[in-house]
Amino acid sequence: MLEVKNLIKSYGNEKVLRGVDFSVKKGQTVAIMGPSGCGKSTTIRCLNLLTEPDSGKVIFRGTNLLELSSSELLKLRQEIGFVFQNFNLIERLTVQENVMLPLIKLDFTLEQRVKYARAALEKVRLADQASSYPKQLSGGQKQRVGIARALVIEPSLMLLDEPTASLDPILVKEVLEVIEDATYSQKRAVVLVTHEVSFALKVADIILLLDNGQVVEIGSSESIFTNPQSEVGKKYKELLEYY
Ligand SMILES: Nc1ncnc2c1ncn2[C@@H]1O[C@H](COP(=O)(O)OP(=O)(O)O)[C@@H](O)[C@H]1O
Ligand SMILES: [Mg+2]
């Protein structure tokens, strides 16, 4: 589904990604973890070219995104859902209108758009809030709208960048539950950046540990959290044991 090869990115003199490689198969979930500033957001944003890498390849369903024209890229992006840490909802639109946004460029009637938005809102258990405005919602509900907006296109690749990092601790669980129930599909690949160690252990098939712009460890969650080889892996293991 997705193959990432030798991603390199600098901002000015700062090397942020120093050759990141990994791949994700259909039906798999990969969790990207690592200390703040190590390049997690840059990596996940390169996967749909929200951030453009300086070099490397992002091969999505056989096509290198870096070789596409902007119209081809727009088209392929319609198969990729993205969930932002800070929700990125449009305040003047209702919940349902926010969820319908990604469908606007597609060839659907209004009736179909409403139907798909409703179905996506059902999946995140917010059908009853369809006509509310974002400011009327809790942080957890806002992020569930963000997830519905990503799901509405039935993406074959779903990207989530620290989806619970802006939430009150008591609101984290409802969002993790929705991520677990709603984003997984046999037909989909999921890449998730998270600091939630026990959640990653539960849902991820593969854990990728980044440090200083490089993959320092990659493997099954069981192996990484029981027998870590990297310094970062050892820290996560200690964290799991502490809780
Ligand atoms: N748009 C940008 N302009 C300049 N520097 C950036 C930009 N985005 C990220 N960085 C820098 O790149 C490094 C990695 O950032 P990021 O990928 O956001 O890390 P993480 O998500 O792991 O916390 C940080 O040092 C950050 O300051
Ligand atoms: Mg980040």
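Residues numbered from 1 in each chain as written. Chains lettered and ligands numbered in written order. Predicted model: local features only at pLDDT ≥ 70, side-chain atom pairs only at ≥ 80, totals over all residues. Heavy atoms only, no water.

**Student:** Residue-level account of the site of ligand 1, with values.
**Tutor:** Surveying the vicinity of ligand 1 reveals the residues Tyr11, Glu14, Val16, Pro35, Ser36, Gly37, Cys38, Gly39, Lys40, Ser41 and Thr42. At 2.8 Å, a side-chain N or O of lysine 40 approaches an oxygen atom of ligand 1. Between ligand 1 and threonine 42 there is a distance of 2.5 Å, counted from an oxygen atom to a side-chain nitrogen or oxygen. A total of 560 Å² of accessible area belongs to ligand 1 in isolation, and the protein chains cover 60% of it. (Near = heavy atom within 4 Å. Polar contact = N/O pair within 3.5 Å; in protein donor to acceptor, adjacent residues only side chain to side chain. Areas by Shrake-Rupley, 256 points an atom, 1.4 Å probe, with all protein chains shown as cover.)

**Student:** Talk me through the pattern of salt bridges; I want residue IDs and the actual numbers.
**Tutor:** Overall, the coordinates contain twelve salt bridges when judged by the stated rule. Between lysine 5 and glutamate 3 there is a salt bridge, with the nearest N and O atoms lying 3.4 Å from each other. Lysine 5 gets classed as partly exposed once you look at its relative accessible area, which sits at 34%. For glutamate 154, the salt bridge is made with lysine 123, and the minimal N-O distance between the two is 3.1 Å. On the criterion of sequence distance, the pair formed by glutamate 154 in the loop between α5 (139-151) and β7 (157-161) and lysine 123 in helix α4 (residues 110-123) is long-range, its members being 31 residues apart. One network of salt bridges, with partners in common, ties together Arg125, Lys173, Glu177 and Asp181. (Salt bridge = Lys/Arg side-chain N within 4 Å of Asp/Glu carboxyl O. Buried < 20%, exposed > 50% of the residue type's maximum accessible area, 1.4 Å probe, protein only. Helix = DSSP H or I, 4+ residues; strand = E, 2+ residues; numbered from the N terminus.)

**Student:** Mind laying out α4, listing which residues take part and the relevant values?
**Tutor:** Here α4 spans 20 Å end to end across 14 residues, near enough to the 20 Å set by a 1.5 Å rise per residue. Listed in full, the buried residues belonging to α4 are Arg113, Ala117, Ala120 and Leu121. For α4, the buried positions fall inside an angular range of 100° around the axis, keeping them on one side. In α4, the exposed residues that point more than 90 degrees away from the buried face are Glu111, Lys115 and Glu122. Elements that come into contact with the buried residues of α4 comprise α3 (95-100) and α5. Two residues or fewer after α4 comes arginine 125, characterised by a positive phi angle close to 60°. (Expected span 1.5 Å × (residues − 1). Arc of directions from axis to C-beta. Contact = heavy atoms within 4.5 Å.)

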